[in-house]
Amino acid sequence: MARGTSAGFDRHITIFSPEGRLYQVEYAFKAINQGGLTSVSCKGEDTAVCVTQRKVPDKLLDPSTVTHMHQLTQNVGCVMTGMQSDSRYQVMVAQSEANNFKYRYGYDMPINVLCRRIADINQVYTQNAEMRPLGCSMILIGYDDELGPCVYKTDPAGYYCGNRACSAGVKQTEANSFLEKKYRKKTNYNHDETIQLAITCLMTVLSADFKPSEIEVGVVSKDEPKFRTLTEQEIDFHLSAIAERD
Amino acid sequence: MATERYSFSLTTFSPSGKLVQIEYALAAVAAGAPAVGIKAKDGVVLATEKKHKSILVEEHSIIKVEMITDHIGMVYSGMGPDYRLLVRQARKVAQQYFRTYLETIPTTQLVQRLAAIMQEYTQSGGVRPFGVSLLICGWDTDRPYLFQCDPSGAYFPWKATAMGKNFINGKTFLEKRYNEDLELDDAVHTAILTLKESFEGQMSSDNIEIGICNAKGFRRLTPAEVQDYLANIA
C-alpha cells in the first residue's frame, strides 16, 4: 500500500488525497458558509416548507430583489444556500433541466428525478479537474402526487437524499439537532405547525426574533401544490402565532 | 457546460512504478459502507449496510442495490455520487448491447465494458479514478455470476466477497462459512451474518439493503422480506 505524500495538487483540483479524500469538495462545503446564512426546511403530513434569512446588507438595495428562493417547476421550488453566483447558476441549470424534461416527456419533472439530475451534475464537477465544485447547496421542496410532500437536499459532493427535515449553511449542525429532537417525538405536523416549526428552528439557532421582512418562507401543500413564497402578512401571522405560543 | 478538457492525465506513475491515484481511490473504497456478495448454487445475493447519519433522512429515498437489466444487479462500496454515474453508464451499455445484438447482455460482457469505462478514468485527461468498487451479480446461461470491479478497471470473479469497511474480517468470515452447496436462502442468511460482524447497533429492514438474482431475474428484497430474514437470525 502506498504510504506517501501527495504530489501537492490534491488541494487544488479534485484528485484523491492519500487518505482517499477530495479536498476541493471539502473546501466547497466550507464555501457554503461564506454567505453567512442558514436555511431550514421541513415537511409535515401534507405540507413542505423552506425558510431562510433575508439579509439586505445595504439600505440602497431594493429588498424585493433579494431572494434565495426560486421556482423550478410548477410544484417544485428550492432554497439556495452558499455563494450567490454559484447558486444562481445552479438554479438556472435546474430550471433548464426541468423544462427539457417537460418538453421531452410531456409531464412535469418529479422532484426526486430533478434532485438526482442536479446531484449527478455536481458529481461531474468532483471528478473532472477542469471544473471546480459549486459552493452552494440546494434544498428542493415539492408536492408530488405519488410521494406527497417532499424535501430533497443536494450538496457539492454530488450526494443527495430525501429528508423529513434538513438544513444548510452556517448553523446547519445546530438546526439539525433541533429538528432531530422535534422529529423524534412527532412527524405528522399539520400545515401551520410545519411552517411554524421551520421558523422556530431558524429563530432558535440564530437566537433572533425576526421581523416579517427578515425571513423568506416558501411553501407547498396538498391544498396548494404550487410553490409560492409567503407574503409579509402571512409571515407576520405565523410569527404572531409563535409568539403567542411562547 | 463542459469546457476544454485538461489534455494530460492526472493519474501518473510514481518513481516506484505505482499509480498512486488508484491506491488513494482504493482507500476511499475501504472507508465506505460494507457490501457483501455471495454466489449460491441457484442464485446470487448482494447485501449492503445503509446507515444514515440522522433520523431526519428518509431511508427509502435512496437506493444502493440497483437493477441494471432484468437479470443483472449491482451494489457498491465507496462514494455514492460516483456510483450513480456508473449505474447510469451500465444501464446505457446494456441497452446499447441489446440494440446491436437483440439479445440481453451477458453478465461477463457488462462487467468487461464497465471495467473498461473505469479504466478510462484512470488514464484520460483531467479526470480522477472512480472512488467505488462495484459488486455485480447476474444470471445467464443457466448459472449465477458474481464480479467485483475496482477503481483501477480490474475485475474479479468471486464465489463470495466483502468490500468496504472491515472487508478483511468480512472475507475471513466468508472463507469459513462458504461452501459450494449453498442454496440462495442460506446465502442470504450468511450475507446478513457477514454484515452483522461489522455492524454497530441494531440491524433492521431500514438500514440494510438486499438484492437477489436467480433464474427468475434480479430483484431487491422488500422490507418485509428483509425483516423475515432478520427475525430468523435473531
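On a predicted model such as this, the values are computed, not experimentally measured, just so you know. (Residues numbered from 1 in each chain as written. Chains lettered and ligands numbered in written order. Predicted model: local features only at pLDDT ≥ 70, side-chain atom pairs only at ≥ 80, totals over all residues. Heavy atoms only, no water.)

## As for the UniProt feature "domain: Proteasome alpha-type subunits" (unreviewed entry) in chain A
Then, in step 1: In the UniProt entry, the feature "domain: Proteasome alpha-type subunits" (unreviewed entry) is given for residues 9-31 of chain A.
Then, in step 2: Secondary structure across residues 9-31 of chain A comprises 39% helix and 0% strand; the distance between its end C-alpha atoms is 19 Å. (UniProt positions renumbered as here; feature names shortened; annotations may be inferred. Helix = DSSP H or I, 4+ residues; strand = E, 2+ residues; numbered from the N terminus.)

## Things to note about the environment of Leu146 of chain B
Residues and elements named next belong to chain B.
Then, in step 1: Within the secondary structure, Leu146 is located in strand E6 (residues 143-149).
Then, in step 2: Take Leu146: its relative accessible area is 2%, and that puts it in the buried class.
Then, in step 3: C-alpha of Leu146 to C-alpha of Lys176: the two residues are 30 residues apart in sequence and 19 Å apart in space. (Buried < 20%, exposed > 50% of the residue type's maximum accessible area, 1.4 Å probe, protein only.)

## Let's talk about helix H5 (residues 184-197) of chain B
Residues and elements named next belong to chain B.
Then, in step 1: The end-to-end C-alpha distance of H5, which contains 14 residues, comes to 20 Å, matching closely the 20 Å that a straight helix rising 1.5 Å per residue would cover.
Then, in step 2: Within H5, the full set of buried residues consists of Leu184, Ala187, Val188, Thr190, Ala191, Ile192, Leu193, Thr194 and Leu195.
Then, in step 3: Each element contacted by the buried residues of H5 is listed here: strand E1 (35-40), strand E2 (43-49), helix H4 (167-177), strand E9 (208-214) and helix H6 (223-233). (Expected span 1.5 Å × (residues − 1). Contact = heavy atoms within 4.5 Å.)

## Some words on a positive patch on the surface
Then, in step 1: Among the surface-exposed residues, Lys181, Lys182, Lys185 and Arg245 of chain A lie close enough to one another that they form a single positively charged patch.
Then, in step 2: The element that contributes the greatest number of residues to the positive patch is helix H4 (residues 172-185) of chain A, accounting for three residues. (Patch = residues over 30% accessible without salt bridge, like charges linked within 9 Å, V, L, I, M, F, W, Y side chains within 5 Å. Areas by Shrake-Rupley, 256 points an atom, 1.4 Å probe, with all protein chains shown as cover. Salt bridge = Lys/Arg side-chain N within 4 Å of Asp/Glu carboxyl O. Lys, Arg positive; Asp, Glu negative; His and termini not counted. Charge placed at Lys NZ, Arg CZ, Asp CG, Glu CD.)

## With respect to the sheet that holds strand E8 (residues 165-169) of chain A
By way of backbone hydrogen bonds, the strands of a sheet pair with one another, either parallel or antiparallel.
Residue and element names in this part refer to chain A.
Then, in step 1: Read across the sheet, five strands follow the order E8-E1-E2-E9-E10 without closing on themselves; strand pairing throughout is antiparallel. Looking along the sheet, the strands with just one partner apiece sit at the ends: E8 and strand E10 (228-229).
Then, in step 2: Those strands touched by helix H5 (residues 191-206) are strand E1 (38-43), strand E2 (47-53) and strand E9 (215-221), and its axis lies near 25 degrees from that of E2. (Pairing = 2+ DSSP bridges. Axes fitted to C-alpha atoms, helices over the stretch in contact; angles between N-to-C directions.)

## As for unusual backbone geometry
Residue and element names in this part refer to chain B.
Then, in step 1: One non-glycine residue, Asp142, adopts positive backbone phi at about 60 degrees.
Then, in step 2: If you trace the backbone, Asp142 turns up in the loop between strand E5 (132-140) and E6.
Then, in step 3: A positive phi is found at Asn166, a non-glycine position, where the angle reads about 60 degrees.
Then, in step 4: Mapped onto the fold, Asn166 is located in the loop between strand E8 (160-163) and H4.

## Thoughts on the pairing of strand E5 (residues 136-144) of chain A
Residues and elements named next belong to chain A.
Then, in step 1: In terms of burial, E5 is a largely internal element, nine of the nine residues being buried.
Then, in step 2: Burial of E5 is two-sided: the residues Cys136, Met138, Leu140, Gly142 and Asp144 facing one way and the residues Ser137, Ile139, Ile141 and Tyr143 facing the other way are all buried.
Then, in step 3: Pairing of E5 with strand E6 (residues 148-154), which is carried by seven bridges, proceeds in the antiparallel orientation. Within E6, the residue paired with Asp144 across the bridge is Gly148.
Then, in step 4: Counted between consecutive antiparallel strands, the loop separating E5 from E6 contains three residues.

## Comments concerning the packing of H4 of chain B against H5 of chain B
Between two packed helices, the angle of one axis relative to the other and the distance separating the axes together describe the packing.
Residue and element names in this part refer to chain B.
Then, in step 1: Interaxial distance between H4 and H5 falls to 9 Å at its minimum, and their mutual angle equals 145 degrees. H5 is crossed by H4, and the crossing has right-handed handedness. Of the residues in H5, those in contact with Gly170, Phe173, Leu174 and Arg177 of H4 are Thr190, Leu193, Thr194 and Glu197.
Then, in step 2: The residue makeup of the contact of H4 with H5, split by class, is three nonpolar, three polar and two charged. (Left-handed = near helix turned anticlockwise from the far one by under 90°. Nonpolar A, V, L, I, M, F, W, Y, C, P; charged D, E, K, R; others polar.)

## Examining the packing of aromatic side chains
For any pair of aromatic rings, geometry is given as the distance between the ring centres together with the angle between the planes.
Then, in step 1: Inspection of the entire model under this criterion finds 10 aromatic pairs over all chains.
Then, in step 2: Between Phe101 of chain A and Tyr105 of chain A, the ring centres sit 4.7 Å apart and the planes meet at 55 degrees, which makes this aromatic pair tilted. One end of the pair, Phe101 of chain A, and the other, Tyr105 of chain A, are both in helix H2 (residues 84-105), four residues apart, so they sit about a helical turn from each other.
Then, in step 3: Take Phe101 of chain A: its relative accessible area is 11%, and that puts it in the buried class.
Then, in step 4: When its relative accessible area of 48% is taken as the criterion, Tyr105 of chain A is described as partly exposed.
Then, in step 5: On the basis of an interplanar angle of 65 degrees and a centroid distance of 6.3 Å, the ring pair of Phe147 of chain B and Tyr155 of chain B is categorised as edge-to-face.
Then, in step 6: Exposure remark for Phe147 of chain B: the relative accessible area of 7% places this residue in the buried category.
Then, in step 7: For Tyr155 of chain B, a relative accessible area of 34% translates into the label partly exposed.
Then, in step 8: Three or more aromatic residues link up through ring pairs in this structure, and these residues are Phe101, Tyr105 and Tyr107 of chain A.
Then, in step 9: Geometry around Phe199 of chain B places Lys51 of chain B over its ring, the cationic atom sitting 4.4 Å from the centre. (Phe/Tyr/Trp six-rings, centres within 6.5 Å; stacked < 30°, edge-to-face > 60°. Lys NZ or Arg CZ within 6 Å of the ring centre and 35° of its normal.)

## Things to note about the interface of chain A and chain B
Then, in step 1: Counting residues at the interface gives 44 residues for chain A and 38 residues for chain B.
Then, in step 2: With both chains or domains summed, chain A and chain B bury close to 3400 Å², and 55% of this area falls on carbon and sulfur atoms.
Then, in step 3: If you look at where chain A meets chain B, you find five salt bridges.
Then, in step 4: Between Glu66 of chain B and Arg116 of chain A there is a salt bridge, with its nearest N and O atoms 3.5 Å apart.
Then, in step 5: Connecting chain A to chain B are 16 residue pairs in polar contact (both at pLDDT 80 or more).
Then, in step 6: When residues of the side of chain A that touches chain B are traced back to their parent elements, those giving at least two are helix H3 (111-127), strand E7 (160-163) and H4 of chain A.
Then, in step 7: For the side of chain A that touches chain B, the element with the most residues is H3 of chain A, which contributes nine residues.
Then, in step 8: Here the side of chain A that touches chain B is built from residues that sort into 21 nonpolar, 14 polar and nine charged. (Buried area = accessible area lost by both parts, 1.4 Å probe. Polar contact = N/O pair within 3.5 Å; in protein donor to acceptor, adjacent residues only side chain to side chain.)

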